[in-house]
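Structural overview
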Amino acid sequence: MTEQYLKSIKVGFIGGGNMASAIGAGLIRKGILNPDNVWVSGRTDRTHGFWRDLGAHPTLKNNEVVSNCDIIFLTVKPHMLDDALDTIVGRKVGDAWEKFESKLFISVLAGISLDVLYIKLSAVITSPRIIRSMPNTPMMVGEGITVYCSNNAESKDLEMVDMLFSYIGMSENVPESLMNGIGGLSGSGPAFAYLIIEALADGAVKMGVPRPMATKFAAQVLVGAGKMVLETGRHPGQLKDEVCSPGGTTITGVHTMEMGGVRGSMMNAVEAAVNKTNELSRLK
């Protein structure tokens, strides 16, 4: 599968908000998707303007997205899925409406299982092929994480999805049983990281560093630390120990963090996010 092939596929997004922007805009800006082959449904002039500026086709009609595309991302909020699917009426044949033939749907909806997605989509699509994915917003800058799973997609579908997501970050096929657990880390994790960046910057500001400089350096601290873990393959605890000189400044700061329960708070944050996802799953 080549980049030229990816440029030829027609891709749609039902829901044109943050997640659609992270995926679609990220791929368009990297030159992977041809914007003229992208259709996006949205409800606001601002959303339409964003996609129109990228060269894509914004629309108010979800049915138009499905009609024009072979691959459709479900990027609405989970509670909005039923309303979105109710507006997909199929294709008109003579005076009658018929279901669309099999298409590939890629869901980014937290907590909605493959089985539930199949039941819902089968009402409007004949034999839908479905991939459930859990991406995160840093895809917009090429540093995302996406895990995905499927029980009925074709091998070429999985290859194409892996290739698409790999252009905007890490991509990995995992068992569905891990999706909620990983989502609490990768999906919610960027928000936790932003909080840490802000807190580190606040600390530097308290010590006299100008706010713009403090924020820039705090963000780079997380970028650099992350790359050290990924590129060296060493355990983060080992890397932490290498910075902590006996009786030094860093171990003093680490001690303060431990007294404040930072480690436990981060673990609790991931657990809370996963528990909320599991709760949403039970509601579907």
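As shown above, the structure is provided for reference.
In this text, all values refer to a predicted model and were calculated from it rather than measured experimentally. (Residues numbered from 1 in each chain as written. Predicted model: local features only at pLDDT ≥ 70, side-chain atom pairs only at ≥ 80, totals over all residues. Heavy atoms only, no water.)

Topic: the overall build of the chain
- On a plain count of helices and strands, the chain comes out with 13 helices and ten strands.
- Seen along its three principal axes, the alpha-carbon backbone of the chain occupies a region of about 80 × 40 × 35 Å.
- Residues counted as buried form 39% of the 284 residues belonging to the chain.
- Taking the intrachain contacts of the chain between residues at least 6 apart in sequence as the baseline, contacts between residues at least 24 apart amount to 68%.
- Here the chain has roughly 15500 Å² of accessible surface; of this, 57% comes from carbon and sulfur atoms.
- Taken as two groups, the 27 positive and 28 negative side-chain charges of the chain have centres that lie 4 Å from each other. (Helix = DSSP H or I, 4+ residues; strand = E, 2+ residues; numbered from the N terminus. Buried < 20%, exposed > 50% of the residue type's maximum accessible area, 1.4 Å probe, protein only. Contact = heavy atoms within 4.5 Å. Areas by Shrake-Rupley, 256 points an atom, 1.4 Å probe, with all protein chains shown as cover. Lys, Arg positive; Asp, Glu negative; His and termini not counted. Charge placed at Lys NZ, Arg CZ, Asp CG, Glu CD.)

Some details on the packing of helix H2 (residues 18–29) against helix H3 (residues 45–54)
- It is the contact of H2 with H3, at a shortest axis distance of 11 Å, that shows an interaxial angle of 15°. Put simply, H2 runs roughly parallel to H3. The handedness of the crossing between H2 and H3 comes out as left-handed. The segment H2 lies against H3, with Ala20, Ser21, Gly24, Ala25, Ile28 and Arg29 engaging Phe50, Trp51 and Leu54.
- Looking at the contact of H2 with H3, its residues break down into six nonpolar, two polar and one charged. (Axes fitted to C-alpha atoms, helices over the stretch in contact; angles between N-to-C directions. Parallel < 35°, antiparallel > 145°, perpendicular 65-115°, else oblique. Left-handed = near helix turned anticlockwise from the far one by under 90°. Nonpolar A, V, L, I, M, F, W, Y, C, P; charged D, E, K, R; others polar.)

Details of the sheet that holds strand E7 (residues 104–107)
- Taken together, eight strands build an open sheet; the order of strands is E3-E2-E1-E4-E7-E8-E9-E10 and the sheet is mixed. Of all strands in the sheet, those with a lone pairing partner are strand E3 (57–59) and strand E10 (169–173), marking the two edges. For this sheet the average axis-to-axis angle between neighbouring strands, irrespective of direction, equals 20°.
- Across the sheet, helix H8 (residues 179–187) touches strand E8 (129–134) and strand E9 (144–149), and the angle it forms with E8 is around 40°. (Pairing = 2+ DSSP bridges.)

What to know about helix H6 (residues 114–122)
- Here H6 has its buried residues at Leu114, Leu117, Leu121 and Ser122. Buried residues of H6, seen end-on, are gathered within an arc of 120° and therefore sit on one face of the element. Turned more than 90 degrees from where H6 packs its buried face, Asp115 and Ile119 sit exposed.
- Those residues of H6 that are buried are in contact with strand E4 (71–74), helix H5 (81–86), E7, E8 and E9. (Arc of directions from axis to C-beta.)

A short note on the packing of aromatic side chains
- For the structure on display, the rule yields four aromatic pairs.
- Ring centres of Phe13 and Phe73 lie 4.9 Å apart, and the angle between their planes is 10°; on these two criteria the pair is classed as stacked. Residue Phe13 is located in strand E1 (residues 11–14), and its partner Phe73 is located in strand E4; the two are separated by 60 residues in the primary sequence.
- Relative accessible area serves as the criterion here: at 0%, Phe13 is assigned to the buried category.
- With a relative accessible area of 2%, Phe73 lands in the buried category.
- The interplanar angle of 90° and the centroid separation of 5.3 Å between the aromatic rings of Phe50 and Trp51 together place this pair among those described as edge-to-face.
- Phe50 gets classed as partly exposed once you look at its relative accessible area, which sits at 27%.
- Owing to a relative accessible area of 0%, Trp51 belongs among the buried residues under this scheme.
- Aromatic rings pair up to connect Phe13, Phe50, Trp51, Phe73 and Phe165 into one cluster. (Phe/Tyr/Trp six-rings, centres within 6.5 Å; stacked < 30°, edge-to-face > 60°.)

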